[in-house]
Number of protein chains: 2
Amino acid sequence: MKPAVNMADVAVRAGVSISTVSRALGGVPGVSEATRVRIRAIADELAYVVSPEASHLARGSTGRVGVVVPAIHLWYFSSVVAGLEAVLRESELDLLLYHVGGPEDRRRFFDRLPARRKVDALVVVALPMTDEQRRRLDELGVALVFAGATSEDHPWVAIDDAAAAASAVNHLVTLGHERIAMIRTVEPDGGDWQADRGRLAGFREALQRGGLPERRDFVVTVPWGPDGGARAMDRLLALPDPPTGVFAYSDEVAIGALRSLRRARVDVPGAVSLVGLDDHPMADLTDLTTVAQFPAEIGRRAAAVVLRTLGLPVPADLDGVGVDGERPGTTLVVRGTTAPPRAAGARLGLVPSTLGGSS
Amino acid sequence: MKPAVNMADVAVRAGVSISTVSRALGGVPGVSEATRVRIRAIADELAYVVSPEASHLARGSTGRVGVVVPAIHLWYFSSVVAGLEAVLRESELDLLLYHVGGPEDRRRFFDRLPARRKVDALVVVALPMTDEQRRRLDELGVALVFAGATSEDHPWVAIDDAAAAASAVNHLVTLGHERIAMIRTVEPDGGDWQADRGRLAGFREALQRGGLPERRDFVVTVPWGPDGGARAMDRLLALPDPPTGVFAYSDEVAIGALRSLRRARVDVPGAVSLVGLDDHPMADLTDLTTVAQFPAEIGRRAAAVVLRTLGLPVPADLDGVGVDGERPGTTLVVRGTTAPPRAAGARLGLVPSTLGGSS
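Model, not experiment: these values are computed from the prediction. (Residues numbered from 1 in each chain as written. Chains lettered and ligands numbered in written order. Predicted model: local features only at pLDDT ≥ 70, side-chain atom pairs only at ≥ 80, totals over all residues. Heavy atoms only, no water.)

## Observations regarding the overall build of chain A
For step 1, the next point in the chain: For chain A, the count of helices and strands is twelve helices and eleven strands.
For step 2, the next point in the chain: Within chain A, the fraction of its 359 residues that count as buried is 60%.
For step 3, the next point in the chain: Considering only contacts within chain A whose residues lie at least 6 apart along the sequence, 69% involve residues at least 24 apart.
For step 4, the next point in the chain: In the form shown here, chain A has an accessible surface area of approximately 13,900 Å², with 53% of it arising from carbon and sulfur atoms. (Helix = DSSP H or I, 4+ residues; strand = E, 2+ residues; numbered from the N terminus. Buried < 20%, exposed > 50% of the residue type's maximum accessible area, 1.4 Å probe, protein only. Contact = heavy atoms within 4.5 Å. Areas by Shrake-Rupley, 256 points an atom, 1.4 Å probe, with all protein chains shown as cover.)

## Brief notes about the relation of the copies chain B and chain A
For step 1, the next point in the chain: Mapping chain B onto chain A leaves a residual RMSD of 0.0 Å; the transformation is a rotation of 180° accompanied by 0.0 Å of translation along its axis. Read as a symmetry element, the transformation amounts to a two-fold axis. Residues of chain B ranked by C-alpha distance from the rotation axis are headed by L96 of chain B, positioned 2.3 Å from it. (Least-squares fit on C-alpha atoms with pLDDT ≥ 70 in both.)

## Points about the sheet that holds strand β2 (residues 94-99) of chain B
For step 1, the next point in the chain: Spatially, β5(A)-β4(A)-β3(A)-β1(A)-β2(A)-β2(B)-β1(B)-β3(B)-β4(B)-β5(B) is the arrangement adopted by the ten strands of the open sheet, whose pairing is mixed. Only two strands of the sheet have a single partner each, and these edge strands are β5 (156-157) of chain A together with β5 (156-157) of chain B.
For step 2, the next point in the chain: In this fold helix α4 (residues 75-90) of chain B packs onto β2 (94-99) of chain A together with β1 (64-69), β2 and β3 (121-125) of chain B, with an angle of close to 80° to the strand it touches most, β2 of chain A. (Pairing = 2+ DSSP bridges. Axes fitted to C-alpha atoms, helices over the stretch in contact; angles between N-to-C directions.)

## Some points on the environment of Q194 of chain B
All names here are of chain B.
For step 1, the next point in the chain: Mapped onto the secondary structure, Q194 falls in helix α8 (residues 194-209).
For step 2, the next point in the chain: What makes Q194 partly exposed here is its relative accessible area of 21%.
For step 3, the next point in the chain: Here the alpha-carbon distance between Q194 and G276, two residues 82 residues apart in the chain, equals 17 Å.

## Considerations on the side chain of T62 of chain A
Residue and element names in this part refer to chain A.
For step 1, the next point in the chain: Inspection of the secondary structure puts T62 in the loop between α3 (33-45) and β1 (64-69).
For step 2, the next point in the chain: Reaching out from T62, the side chain makes a polar contact with the backbone nitrogen of R64 at a distance of 3.1 Å.
For step 3, the next point in the chain: Looking at T62, its side chain comes within polar contact range of the side chain of D120, at 2.8 Å.
For step 4, the next point in the chain: Ignoring any residue separated from it by four or fewer positions in sequence, one finds T62 in contact with R117, K118, V119 and D120. (Polar contact = N/O pair within 3.5 Å; in protein donor to acceptor, adjacent residues only side chain to side chain.)

## Quick notes on the packing of helix α5 (residues 103-112) of chain B against helix α6 (residues 131-138) of chain B
Residue and element names in this part refer to chain B.
For step 1, the next point in the chain: Two numbers describe how α5 lies on α6: the axes approach to 9 Å, and their chain directions differ by 40°. Relative to α6, the crossing made by α5 is left-handed. Of the residues in α6, those touching α5 at R106, F109, F110, D111 and R112 are Q133, R136 and L137.
For step 2, the next point in the chain: Across the contact of α5 with α6, the residue classes tally to three nonpolar, one polar and four charged. (Left-handed = near helix turned anticlockwise from the far one by under 90°. Nonpolar A, V, L, I, M, F, W, Y, C, P; charged D, E, K, R; others polar.)

## What to know about the nonpolar core
For step 1, the next point in the chain: Grouped together as the largest cluster of nonpolar side chains are 139 residues, with contacts concentrated most on V123 and V125 of chain A together with V123 and V125 of chain B.
For step 2, the next point in the chain: Beyond its immediate sequence surroundings of up to four residues, V125 of chain B is in contact with V67, V68, V69, P70, Y76, F77, V80 and A147 of chain B.
For step 3, the next point in the chain: A181 and L258 of chain A together with V266 and L285 of chain B belong to the second-largest nonpolar core, a separate cluster that totals 52 residues. (Core = buried A, V, L, I, M, F, W, Y, C linked by side-chain atoms within 4.5 Å.)

## Quick look at helix α12 (residues 295-309) of chain A
Residue and element names in this part refer to chain A.
For step 1, the next point in the chain: A rise of 1.5 Å per residue sets the reference length of α12, with its 15 residues, at 21 Å; its end C-alpha atoms lie 21 Å apart and thus fit the reference within 8%.
For step 2, the next point in the chain: Of all 15 residues that make up α12, eleven are buried, and the element is covered over most of its length.
For step 3, the next point in the chain: Those residues of α12 not exposed but buried are P295, I298, G299, R301, A302, A303, A304, V305, V306, L307 and T309.
For step 4, the next point in the chain: The first or second residue beyond α12 is G311, which carries a positive phi of 75°. (Expected span 1.5 Å × (residues − 1).)

## Comments concerning the packing of helix α7 (residues 161-175) of chain A against helix α8 (residues 194-209) of chain A
Residues and elements named next belong to chain A.
For step 1, the next point in the chain: Orientation of α7 relative to α8, taken along the N-to-C sense of each, is 40°, at an axis distance of 7 Å. Here α7 lies oblique to α8, going by the angle between them. Here α7 and α8 pass one another in a crossing that is right-handed. The segment α7 lies against α8, with D161, A162, A165, A166, V169, N170 and V173 engaging A195, G198, R199, G202, F203, E205, A206, L207 and R209. (Parallel < 35°, antiparallel > 145°, perpendicular 65-115°, else oblique.)

## Focus on the sheet that holds strand β9 (residues 273-278) of chain B
All names here are of chain B.
For step 1, the next point in the chain: Taken together, six strands build an open sheet; the order of strands is β7-β6-β8-β9-β10-β11 and the sheet is mixed. Each having just a single partner strand, β7 (219-223) and β11 (331-333) make up the two edges of the open sheet. Here the average twist between neighbouring strands, direction ignored, is 20°.
For step 2, the next point in the chain: In this sheet, strand β10 (residues 289-292) lies alongside β9 in parallel orientation, the contact comprising four bridges. Bridge assignment links D278 to a residue of β10, and that residue is A292.
For step 3, the next point in the chain: With respect to the sheet, α8 is in contact with β6 (180-186), β7, β8 (245-248) and β9, its orientation differing from that of β6 by roughly 170°.
For step 4, the next point in the chain: Its contacts with the sheet place helix α10 (residues 251-263) against β6, β8, β9 and β10, and it is angled at close to 155° to β9.

## Overview of the pairing of strand β4 (residues 143-147) of chain B
All names here are of chain B.
For step 1, the next point in the chain: Burial analysis of β4 places five of its five residues in the buried class, the great majority of the element.
For step 2, the next point in the chain: Residues of β4 alternate between two faces, with A143, V145 and A147 on one and L144 and F146 on the opposite face, all of them buried.
For step 3, the next point in the chain: As paired strands, β3 and β4 are joined by five bridges and run parallel to one another. Paired with V123 across the two strands is V145, which belongs to β4.
For step 4, the next point in the chain: As for the winding sense of the linkage, the β-α-β connection from β3 through α6 to β4 is right-handed. (Right-handed = clockwise from strand over helix to strand, strands pointing away.)

## Looking at the interface of chain B and chain A
For step 1, the next point in the chain: Listed as interface residues are 32 residues of chain B and, on the opposing side, 32 residues of chain A.
For step 2, the next point in the chain: Between chain B and chain A lies a buried interface of about 2,800 Å² when both sides are counted; carbon and sulfur atoms form 55% of it.
For step 3, the next point in the chain: If you sort the residues of chain B by the area they bury against chain A, L97, M282 and L285 of chain B come out on top, with a joint share of 20%.
For step 4, the next point in the chain: Where chain B touches chain A, the interface holds seven salt bridges.
For step 5, the next point in the chain: Ionic pairing is found between D94 of chain B and K118 of chain A, a salt bridge with its closest N-O pair at 2.8 Å.
For step 6, the next point in the chain: In this structure, the connection of chain B to chain A is made through 16 residue pairs in polar contact (both at pLDDT 80 or more).
For step 7, the next point in the chain: Of all the secondary structure elements, the ones that give two or more residues to the side of chain B that touches chain A are α4, β2, α5, α10 and α11 (281-285) of chain B.
For step 8, the next point in the chain: Of all the elements, α4 of chain B adds the most residues to the side of chain B that touches chain A, at eight residues.
For step 9, the next point in the chain: Per-class residue counts for the side of chain B that touches chain A are 13 nonpolar, six polar and 13 charged.
For step 10, the next point in the chain: Direction of pairing for β2 of chain A relative to β2 of chain B: antiparallel, over a ladder of three bridges. Within β2 of chain B, the residue paired with L96 of chain A across the bridge is L96 of chain B. (Buried area = accessible area lost by both parts, 1.4 Å probe. Salt bridge = Lys/Arg side-chain N within 4 Å of Asp/Glu carboxyl O.)

## Let's talk about the packing of aromatic side chains
For step 1, the next point in the chain: Following the criterion strictly, the structure yields six aromatic pairs over all chains and no others.
For step 2, the next point in the chain: The interplanar angle of 90° and the centroid separation of 5.3 Å between the aromatic rings of F109 of chain B and F110 of chain B together place this pair among those described as edge-to-face.
For step 3, the next point in the chain: Assessed through its relative accessible area of 5%, F109 of chain B is described here as buried.
For step 4, the next point in the chain: Through a chain of ring-to-ring contacts, three or more aromatic side chains come together here, namely Y98, F109 and F110 of chain A.
For step 5, the next point in the chain: A cation over a ring is seen here: R215 of chain A above F218 of chain A, with NZ or CZ 3.9 Å from the ring centre.
For step 6, the next point in the chain: Directly above the aromatic system of Y249 of chain B lies the positively charged group of R199 of chain B, at a separation of 4.3 Å from the ring centroid. (Phe/Tyr/Trp six-rings, centres within 6.5 Å; stacked < 30°, edge-to-face > 60°. Lys NZ or Arg CZ within 6 Å of the ring centre and 35° of its normal.)

## A look at helix α4 (residues 75-90) of chain A
An α-helical turn contains 3.6 residues, so any two residues separated by three or four positions project in the same direction.
Residue and element names in this part refer to chain A.
For step 1, the next point in the chain: Under the 1.5 Å per step criterion, the end-to-end length of α4 is 23 Å for 16 residues, consistent within 8% with the ideal 22 Å.
For step 2, the next point in the chain: Of all 16 residues that make up α4, 14 are buried, and the element is covered over most of its length.
For step 3, the next point in the chain: Two residues or fewer past α4, E92 is found with a positive phi of approximately 60°.

The values are spatial; any link to function lies outside them.
Below is the structure:
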């Protein structure tokens, strides 16, 4: 097998950056039509793409797609990988898994770039990254696709985090809640977590639309996970006037918050309504109201983008998938943890109701 | 890179089956010392193993390990993969993921054997298989390691399912329960699911040791998952004299059972005690008593077995891992879903207690 002609070679020949080659071949906006045509011609000449029908073997590529995930043991990431794998397998592409967990792992991955020369494309799933790390990825010289996060330079598949969060918070607003909190999550090393920023923006937007003020003590930030969610809810409950509605970054965070509410014997949804985001399998089991997203579908669409970028045939049921930004939808799923707020004052089931005005 | 000298070549030269080569190189019992020495010599000659220190690249192998899992989106499997990946990555081996889901997927995998010539070793994680399919794997001519299931012909890493189940059921016996049920799970296509058989054996053993009879209507078999668990519990609750203690195949099944108990307003653990197996992250959140297993550790040890079988250095902290059957331990974790049975008659909280004799 001869080494694959890759994006770096195309970039050198065309006298442009790898990122421009990636944008041009990937159909991402920001490259002029003339440049796109020229790069496509050079790529064809260098057999980067022989023809949509040519198999990856015929064109001497690796036949492998790398996938980088920060937490394969979590439902979201493993579901994205399952969706990806199914579509790639159909196209006889193998999936190389790179689990890049904590900051140290991440530092080492970007130092060594173990995927170099081993893959035709790399799918990066919601990995917190610095700008410097983004640039390192370009040096791989292969097609890059982002899943679970947007990108300015490469094709991506991601939900609209702001819209998803806004629909969760708007549900609370519509029920009549006026004291609404958000549990945010952070990466321990302060890496950029796009989804968290997006969901915070959606939270703010929904409050604003509802004419509600944002209170600083109603935005609590904790490390991701059920334990973080539990701690955040403890903090909110300790406030002199706790919220009646809480939006949690994700279902696993919400389920931790639910545990704190149960332990504190706070009635849900009587005293506090809670809404998550994901529709994790456990949301159904804990009767959690949430905004459903579909990570396996995100994986399938990211695979379709990979196939299109590599010039390989895309399965018929994914034919509508573009390459310049895919927004799979989300859906509000109302279950048992949300209801209109009780009369103010009766909030924690501790004080008899003396004020009216609940909706 | 020249093609790897593989087990099939060694087998032909030695005039033995691939399975014998695998056993001999893997240190699995059932091969005479003389044969083992002879096969090792041929393998060395064919550079199957140059030396424990030689890197995989130096010996012209693929540098990749395949992992076959039936359900990457589930906690158990994705945790095994996370453990595997971490250790393989340290040794600069790449992980090729094969998600082989339903019966149709499985049939196709064994027809095509997509891992052929692409990996130095294949780790098979708790995949239900027919004898015919096991034989097909041998034809790959690479080192095989089983995780989450034992094997007679290849090295394996698996918990003692019978012992784990027995410790769960024995916990119920010790609390004084006499009417104990088990929720079993099946593969829809009847493939052999070793863990289920092992856990049933442990259930029976614990009943016997406790001097308790096994009742046919107290063993309910459902498809794996929370929904199956919910259905099984519905059936048990519909019996004229339901059990007071229930052991569920796994935590996700138990959590489904818990949902049915809540919906039927059956007090847990007052009327029914419930114990699972796994220590899934959700077990802590639902306060479920369970027997903990540690799938990431199973993955790490399986990776160590791979390294040893390939003649590569094993990380110091895994140095004690053998190659002829590894049994990571399990631990009973007592939480809020188990307690001594209430007085008979008060069982479902529906009938006033008229009989004594609770423990």
